[in-house]
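A structural walkthrough
What follows is each chain in one-letter form.
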Amino acid sequence: MSCNLISGISKGCRDNAAGIVEAYIGNFPSGYTGNEWYTESDGTITSISGASLYQFVPTKNSSSWTDEIQSTVENGSIGYLHSLNLVFAKNSADMRNTIKILGQANLIAIVRDKNEKYWLLGPQSGLELSAGTGSSGVLLNDLNGWNITISGTEPQPAMEVSAAIISGLLAS
């Protein structure tokens, strides 16, 4: 792969929306290493094998994903920290139990943003529950629920996922 720049980035239209609508989270596909479990073409995932994902719908206007560049000039290396921050309101035993399991698993996530684009996080090394807080809140309008972060370091930025394959990945 060449390291020479071959294109730029245009300003584009003012039709962008921030935030996420939902996340689909599942176990890292077993029996696979690296990127064997998905097919990618020009940065877009066109098929996924061995994954069964569960829908997580966070509190409206509360959640996001980030791709933090982690560069080390001295070592000539670059990586990307994929992070998914999700906020869920209203504590319950079921929510507590699911979050506990998230903390024990090696995960992948696909995030649907408000632009109706899907993004794959953790495709080669997987993601882990890395931070979180459960809270009762204090004032009437405070969060009573959880704020969790699922993250992992990857060799590439998050890749877009074809919307056409999402329904086939959902657990029954």
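Structure report, in brief. (Residues numbered from 1 in each chain as written. Predicted model: local features only at pLDDT ≥ 70, side-chain atom pairs only at ≥ 80, totals over all residues. Heavy atoms only, no water.)

Brief notes about the side chain of Asp113
The criterion, for reference: Secondary structure counts use DSSP, requiring at least four H or I residues in a row for a helix and at least two E residues in a row for a strand, with both numbered from the N terminus. Per-residue accessibility, obtained with a 1.4 Å probe over protein chains only, is compared with the maximum for each type, and a residue is labelled buried under 20%, exposed over 50%, and partly exposed between these values. As used throughout, the charge tally considers Lys and Arg to be positive and Asp and Glu to be negative, leaving His and the chain termini uncounted. A side-chain nitrogen of Lys or Arg and a carboxyl oxygen of Asp or Glu constitute a salt bridge if their distance falls within 4 Å. We call two residues in contact when some of their heavy atoms are within 4.5 Å.
Looking at the element boundaries, Asp113 is found in strand S7 (residues 107-113). Nearest to the buried, unbridged Asp113 among oppositely charged side chains is Lys117, at 7.2 Å. Aside from chain neighbours lying at most four places away, what touches Asp113 is Gly19, Ile20, Val21 and Trp119.

Topic: the pairing of strand S6 (residues 77-89)
Stated formally: We call two strands paired when DSSP finds no fewer than two bridges between them.
With 9 bridges connecting them, strand S5 (residues 64-72) and S6 associate as antiparallel partners. The partner of Thr66 across the bridge, within S6, is Ser83. Between S5 and S6, which pair antiparallel and follow one another directly, the connecting turn spans 4 residues, one of which, Gly76, has a positive phi of 65°. By the bridge criterion, 10 bridges tie S6 to strand S10 (residues 145-154) in an arrangement that is antiparallel. Note that in S10 the partner of Ser83 across the bridge is Ser151.

Digging into the environment of Asp113
The condition is simple: Counted as a polar contact is a pair of N or O atoms within 3.5 Å, where, for protein atoms, one must be capable of donating a hydrogen and the other of accepting one, and residues adjacent in sequence contribute only when both atoms are in side chains.
The class for Asp113 is buried, based on a relative accessible area of 9%. For Asp113, the side chain forms a polar contact with the side chain of Trp119, separated by 3.0 Å.

Notes on the pattern of salt bridges
Here the idea is simple: oppositely charged side chains can pair when their charged atoms come close. On inspection of all chains with the given rule, the structure shows 3 salt bridges. Through salt bridges with shared partners, one network takes in Glu22, Arg112 and Glu116.

Let's talk about unusual backbone geometry
Non-glycine residue Asp42 carries a positive phi angle of around 55°. Positionally, Asp42 belongs in the loop between strand S2 (38-41) and strand S3 (44-48). Residue classification places Asp42 among the exposed positions, given a relative accessible area of 76%. A positive phi angle, close to 60°, is found at Asn61, a residue other than glycine. By the secondary structure assignment, Asn61 is in the loop between strand S4 (54-56) and S5.

Topic: the sheet that holds S6
Applied cut-off: To get an axis, a line is fitted to the C-alpha atoms, and for a helix only the part in contact is used. The angle between two axes follows their N-to-C directions and goes from 0 to 180 degrees.
Ordered by their spatial adjacency, 4 strands build an open sheet running S5-S6-S10-S9, and the pairing between neighbours is antiparallel. At either end of the open sheet lies a strand with only one pairing partner, and these are S5 and strand S9 (128-135). Direction aside, neighbouring strands of the sheet carry axes that sit 15° apart on average. Contacts from helix H1 (residues 93-102) reach S6, S9 and S10, with the element oriented near 15° to S10.

Thoughts on the side chain of Glu22
Summarising the element assignment, Glu22 is placed in strand S1 (residues 20-27). For Glu22, the side chain forms a polar contact with the side chain of Gln55, separated by 2.3 Å.

Some remarks on H1
In plain terms, the rule: Here the arc refers to the directions that run from the helix axis out to each C-beta atom.
Along H1, the positions that sit buried rather than exposed are Met95, Ile99 and Leu102. When H1 is viewed along its axis, its buried side chains cluster within an angular range of 55° and face the same direction. Residues of H1 that are exposed and point more than 90 degrees away from the buried face comprise Ala93, Asp94 and Ile101. Of the surrounding elements, those touching the buried residues of H1 are S1, S4, S6, S7, S9 and S10.

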